[in-house]
Amino acid sequence: MGPKEDGGGISARVILALDTDSLSQTRRWVKDFLGRIRIFKVGGQLFTSQGRRAVEEIKALGGEVFLDLKFHDIPNTVGRAAAAAAALGVRFFDVHALGGEEMIARAVDVSREEAERLGLRAPAVLVVTLLTSLDERDLRSLGIRGPISDRVLRLSELALRAGAQGVVASPHEVAALRKALGAEFLIVTPGIRLSSQSRDDQKRSMTPQEALRAGADYLVMGRSLLRAEAPERILDSLAESMAQDVFETGSAVGSKDERA
Ligand code: C5P
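Residues numbered from 1 in each chain as written. Predicted model: local features only at pLDDT ≥ 70, side-chain atom pairs only at ≥ 80, totals over all residues. Heavy atoms only, no water.

(A) Quick look at the packing of helix H1 (residues 23-33) against helix H3 (residues 52-60). Axis separation between H1 and H3 bottoms out at 10 Å; the angle between their running directions is 25 degrees. What the angle tells us is that H1 and H3 run roughly parallel. Considering how the two elements wind past one another, H1 and H3 form a crossing that is right-handed. Counted together, Leu23, Thr26, Arg27 and Val30 of H1 and Arg53, Ala54, Glu57 and Ile58 of H3 form the full contact between these two elements. (Axes fitted to C-alpha atoms, helices over the stretch in contact; angles between N-to-C directions. Helix = DSSP H or I, 4+ residues; strand = E, 2+ residues; numbered from the N terminus. Parallel < 35°, antiparallel > 145°, perpendicular 65-115°, else oblique. Left-handed = near helix turned anticlockwise from the far one by under 90°. Contact = heavy atoms within 4.5 Å.)

(B) View of the site of the ligand. In the neighbourhood of the ligand, the contacting residues comprise Ala17, Asp19, Lys41, Thr132, Pro190, Gly191, Arg193, Val220, Met221, Gly222 and Arg223. In the model, a nitrogen atom of the ligand is placed 2.9 Å from a nitrogen or oxygen of the Thr132 side chain. Backbone polar atom of Gly222 to an oxygen atom of the ligand: 2.9 Å apart, as the coordinates give it. Relative to its unbound accessible surface of 440 Å², the ligand loses 75% to contact with the protein. (Near = heavy atom within 4 Å. Polar contact = N/O pair within 3.5 Å; in protein donor to acceptor, adjacent residues only side chain to side chain. Areas by Shrake-Rupley, 256 points an atom, 1.4 Å probe, with all protein chains shown as cover.)

(C) The pattern of salt bridges, seen in detail. With the rule as written, the count across this model stands at 12 salt bridges. Across the salt bridge formed by Glu64 and Arg121, the nearest N and O atoms sit 4.0 Å from each other. Of this pair, Glu64 sits in strand E3 (residues 64-71) while Arg121 sits in the loop between helix H5 (101-118) and strand E5 (124-128), placing them 57 residues apart in sequence. The residue Arg161 makes a salt bridge to Glu101 at a minimum N-O spacing of 3.4 Å. Of this pair, Arg161 sits in helix H7 (residues 148-161) while Glu101 sits in helix H5, and the two are 60 residues apart along the sequence. Since its relative accessible area comes to 56%, Arg161 is described here as exposed. Looking at Glu101, the relative accessible area reads 32%, which means it is partly exposed. The network of salt bridges with common partners includes Arg27, Arg53 and Glu57. (Salt bridge = Lys/Arg side-chain N within 4 Å of Asp/Glu carboxyl O. Buried < 20%, exposed > 50% of the residue type's maximum accessible area, 1.4 Å probe, protein only.)

Structure (structure tokens):
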């Protein structure tokens, strides 16, 4: 089911990051959250520990998967990985923008072809521009000059040109990207903190409401929900505040990642 059928509510827009190496923990989290969250992120830790079983278990329980393995290799190799992701039936997977336009385009084309061949829904390809852990000094030491925001914008435009469905971007880049890239391009945003959580984190992050207002389609949330005493209350109050707010891109979310 796509978020559109859900009315674009919060349950369709939060992606829960299953940062664990355990299959039983994965199952517990998916079961606990499934009433309120539908998409679960499988990253390097879980996939390297448990492999495709993690994805299969989430799907068997009724969840959808964002396979966050950030592919970055020569186009042919990424194409093969993209075909495997499509065959796994994930809803999203991601690649690094610095792999270049041809690599991104290959991921998009091959995943679509493989999904078609298997009669599955094609995954949406998301592009990671620059890791949010890098600052301008890190980039300079890599020989990349200029403001991070310019780089992120340029790499996002490359992703759009290559045919990707969206980008993963830090909350602070969302507004500028939304303006530059149009309403249809998906923006998935990690770095979300609830207002009651540590101030230090807040400097580099946004609350869910702020990120959605800035134009994010999906929020990736991990510890702020997984470590909360009553995450269901957090999600319910988010849903309430969303119902009262007008999030400009909200109603459009459902159709954007429909590629089939
Ligand atoms: O910090 P939190 O537990 O919410 O992180 C959830 C996920 O978001 C992590 O799996 C990580 O990959 C991603 N993340 C990120 N950039 C950040 C913070 C988290 O990409 N600044």
